[in-house]
Amino acid sequence: MAARDSTEIEIDLLLEAIYQKYGYDFRQYSDAHIKRRIMNRMVLSGYNTVSEMQFQLLHNKSFANDLLHDLSITVTEMFRDPGFYRSIREKIIPILKTYPFIKIWHAGCSTGEEAYSMAILLTEEGLMERTTIYATDFNQRALDDAKQGIFSNTLIKEYTTNYQAAGGRSAFSDYYIADDNMAIMNQNLKKNIVWANHNLVTDSVFAEVHMILCRNVLIYFKRELQNKVHKMFYESLINGGVLCLGSKEGMYFSELKDAYQDLDPRQKIFKKKY
Amino acid sequence: MGYGAIVIGVSSGGLNALMKILPSLPENYPIPIVIVQHVSPRSDGYWIESMNRTCRLNVKEADEKEKIERGNIYMASANYHLLVEKDKTFSLSTEAKVNFARPSIDVLFESAAEAYGEELIGLILTGSNSDGALGLRKIKEEGGLTIVQDPETAESPSMPAYAISTTSVDHIFSLEEIANFLQTLGEGN
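Residues numbered from 1 in each chain as written. Chains lettered and ligands numbered in written order. Predicted model: local features only at pLDDT ≥ 70, side-chain atom pairs only at ≥ 80, totals over all residues. Heavy atoms only, no water.

A. Structural context of empty space enclosed by the protein. For the structure on display, the rule yields two cavities of 30 Å³ or more. Of the voids in this model, the largest cavity is the one considered here, and its volume is about 390 Å³. In terms of lining residues, the largest cavity is bounded by 26 residues, among which Ile73(A), Gly108(A), Asp137(A), Asn216(A) and Val217(A) are the most central. Of the residues assigned to the lining of the largest cavity, the class counts are 11 nonpolar, 11 polar and four charged. For the lining of the largest cavity, the domains that each give at least three residues are domain 1 (6-71) and domain 2 (82-272) of chain A. Considering only enclosed or pocket space, the second largest cavity measures out at about 80 Å³ in volume. Lining the second largest cavity are 13 residues, with Gln226(A), His230(A), Gly250(A), Ser254(A) and Glu64(B) positioned closest to its centre. (1 Å grid on protein atoms, 1.4 Å probe; cavity = no way out; pocket = protein on both sides within 12 Å on 5 of 7 lines; lining within 4 Å. Points joined across faces, edges and corners; volume = space filled by probe spheres on them. Nonpolar A, V, L, I, M, F, W, Y, C, P; charged D, E, K, R; others polar. Domains from an automatic or database assignment.)

Put into structure tokens, the structure is as follows:
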């Protein structure tokens, strides 16, 4: 066998240590992505090798927390990809309206911006009262932020533009109270959101739901892990349930692609066949 | 020696520059090309379709997990970083902007340098920032070939100038020379 690059061996060992010590499994994430995140942390922390980080990971809790946080991508925004939310309004809301109660699973909700976006949309469509949104993530720090529902005021302008482009029916300012630094989301938006720690890689089926949103999470997984998670989504959805992926994520490589029909291929919205 | 891929980084003034290079390549061009062009996060990719009509090679957005194959010019999607895996497939990422850019040229170049080593050609064109300089240096360190547009001929000179100041690059060319060089390289590949 040809000798492997030392850094790659060290990264494999680091991911193994993270799994054995902390229970987070990044071993089936895309290599280039993981390597980039780990090398970033190495440079930031002033270490010369990944092996030096291995010691810190095992013996320095605060370093371990930082590294785990780095490996979870928390970049998100309100009404991200406005065309997606427009499509939800036009094509999915009529389907959801036929159910007496609605359960939505937002898998990988990060800091919650998209869960709040969905709560706003459902409120405007008169469906929030009979909906429960299960917003889950494995990153507890992000989840704690999400529960707070406090966002930096500097982002509000962009979010307002997104909200309007998404077909918002009100003024975005109706949904938060702002001061010079912060915008605090209205409490009633949170009423039917259940925040929960759930790990797509290591945990099992979460609940039986009418709709799943998992946007820009699967892109980080290798194909085998993508298939495993797709299976979990399939088992969680009711027949006729709706699966929403990120704008550049498809079903092309999924073993389950024939189990869904396209509702909006451009926005990556799929319906589980009966 | 055969080359496995060409990566191109370009920013402001980029469409004009690309249009002076890419349409001249034949449809049987043997080296796949991967491009990060800085665009607005809200770009709908229409410009990619328009490039596809002008080029003989197939111009398309790079899909996640897609295998990199000859005959194609792959463009990074707006608002996603594009990375190359060791198995010569693409990964996408929404992680924070790098050099104020997503997609970032450095992210593509650094990952492609790891994947292709000395079989990679890196090319920096016009742009008014410093993205791509570190990536180009990485390509050089891994033994790849590095080319930069002559800043004096660039619509926005700072990106090429920054790349030249960071790496001792192999060639500094005008757009016309780049087009000719890539064609010749294709014939010998």
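B. Fine view of the state of the cysteines. One pass over the structure, following the stated rule, counts zero disulfides over all chains. Between Cys244(A), a cysteine without a disulfide, and Cys214(A), which holds the nearest cysteine sulfur, the sulfur-to-sulfur distance is 10 Å. (Disulfide = S-S within 2.5 Å.)

C. Helix H1 (residues 6-22) of chain A, seen in detail. Residue and element names in this part refer to chain A. Counted at 1.5 Å a residue, the expected span for H1 with its 17 residues is 24 Å, and the 24 Å between its end C-alpha atoms agrees. When we look at burial in H1, the residues that qualify are Glu-8, Glu-10, Ile-11, Leu-14, Leu-15, Ala-17, Ile-18 and Tyr-22. Where H1 terminates, the next one or two residues include Gly-23, which has phi positive at roughly 85°. (Helix = DSSP H or I, 4+ residues; strand = E, 2+ residues; numbered from the N terminus. Expected span 1.5 Å × (residues − 1). Buried < 20%, exposed > 50% of the residue type's maximum accessible area, 1.4 Å probe, protein only.)

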